[in-house]
Amino acid sequence: MKAARVIVPEDRLLAPCLDPVAAKLVATGHDVWRPPQSLAPAAWSDALARADVVVLTPRTRFAASDIEAAPRLKGIVFPTIGVDALDLAAADAAGLAVGNGATIEAVESMAEANVMLMAALLLDLPGKSRALKSGGWRDGTVRARMMRGKTVGFVGFGRIARSTLARLANWGVRAIFFDPYVSPGTASHDGATATTDLAGLLRASDIVNVLVDLTAETRGLIGATELAMMRRDAYLVNTARGAAVDEAALAHALREGIIAGAALDAFAAEPIALDSPLRRLDNVILTPHNIGHTLELQESFVPATCENVVRIARGEPPLYFKNPHVLPRWRERLTRLKA
């Protein structure tokens, strides 16, 4: 196979993955360029003009104009599951294959984290920890509740939601899900009941778990109206995309007791602002968009990223294909590039 020209950006947070990826690609004969995040636009455009494959991170914005500046490009690879930094519609239109890090470790790490957050909310872990740290002890008040018998509502029912549900198999919960892209008539939903009524799901659930990609349809999907539909003793968990939830409306709902509490690992703007009202509330768990980051997940990204890059470079679909529907157009693009 002819050596490919690959851009692998420098990124402090993803260095444990990107550094070995770059080293492995160089060792196998590929031409790898490592641009800093502060690279001048002109230099970036010049590099794109010569690139066969580009590796991106959540902090490497890639717009339609970048795609236009890369006539040789065969595909784009993210080491992570999320590809929000990319104009995916523009990539689809251009016939570009997009690979990501949807490894089993990434899915299962997030599933374990979701179960942990749900249990922590129900068992009042934040309140119990806060009481002890502030010098208190038991005050005779019991707020914790069991998971058994509760209804968990999944907004979005992809691999992470299904893996989360699998881990709840012995907890005695009832599961329902809302996902317009999953047919209610399919053979198996892993024990969950499908619904086309988001409002009904919100009213019925003890815990609402938001697990959607960020699209035009899901941006602001859970706002003031939706939060008001939830029960006052219900909890919201969002480990997917911050902008799927209206944070101002959520802060109001938490402050006014419209819902009992929440756990958030994703925010509309990251890092979350220091003056965000969410930081001042006692009934919310906040984590810096890394709740499911494990050593096992991090280690899985290296071979997955390398494999995705190598496959795209030699004209094969990536191992983890974010936009498989683009395959015919991608084949056409590859044919044009060979001409």
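In case you missed it, the structure is sitting above this.
Analysis parameters
Per-chain numbering applies: the sequence of each chain, read as written, is numbered from 1 onward. Thresholds applied to this predicted model are a pLDDT of at least 70 for local features of residues and 80 or more for the giving and counting of side-chain atom pairs; totals over whole chains, interfaces and linings are not thresholded and use all residues. Side-chain numbers come from the whole structure's heavy atoms, not from hydrogens or water. Any Lys or Arg side-chain nitrogen located within 4 Å of an Asp or Glu carboxyl oxygen qualifies as a salt bridge. Secondary structure elements follow DSSP: runs of H or I of four or more residues count as helices, runs of E of two or more count as strands, with numbering from the N terminus. Here, any two strands with at least 2 DSSP bridges between them count as paired. A fitted line through C-alpha atoms represents every axis, and for helices the fit uses only the stretch in contact; the resulting angles, taken between N-to-C directions, go from 0 to 180 degrees. When an angle is under 35 degrees it counts as roughly parallel; over 145 it counts as roughly antiparallel; between 65 and 115 it counts as roughly perpendicular; any other value is oblique. Definitions for this section: a left-handed crossing has its near helix turned counterclockwise from the far helix by less than a right angle. A right-handed crossing has that turn clockwise. Any pair of residues with heavy atoms lying within 4.5 Å of one another is described as a contacting pair. Here the term charged refers only to Asp, Glu, Lys and Arg, the term nonpolar to Ala, Val, Leu, Ile, Met, Phe, Trp, Tyr, Cys and Pro, and the term polar to all other amino acids, Gly among them.

A. Fine view of the pattern of salt bridges. The final tally for this structure, using the stated rule, is 15 salt bridges. Between D11 and R59 there is a salt bridge, and its shortest N-O distance comes to 2.9 Å. Of the two residues, D11 is situated in the loop between β1 (5-7) and α1 (15-27) and R59 in the loop between β3 (53-55) and α3 (64-68); the sequence distance between them amounts to 48 residues. Taken together, the shared-partner salt bridges in this structure form one network comprising R145, D206, R231 and D233.

B. Looking closely at the sheet that holds strand β12 (residues 284-286). Reading across from one edge, β8-β7-β6-β9-β10-β11-β12 is the order of the 7 strands in this open sheet, with parallel pairing throughout. The strands lining the two open edges of the sheet, one partner per strand, are β8 (193-194) and β12. Strand direction decides the pairing type here: strand β9 (residues 207-210) and strand β10 (residues 235-238), joined by 4 bridges, are parallel. Within β10, the residue paired with I207 across the bridge is Y235.

C. Main features of the packing of α1 against helix α11 (residues 295-313). At a minimum axis distance of 9 Å, the contact between α1 and α11 shows a crossing angle of 40 degrees. Between α1 and α11, the angle falls in the class oblique. The hand of the α1/α11 crossing is right-handed. Along its contact with α1, which presents P16, C17, P20, V21, K24 and L25, the element α11 presents Q298, F301, V302, T305, C306, V309 and V310. Each residue belonging to the contact of α1 with α11 can be placed in one class, and the counts come to 10 nonpolar, 2 polar and 1 charged.

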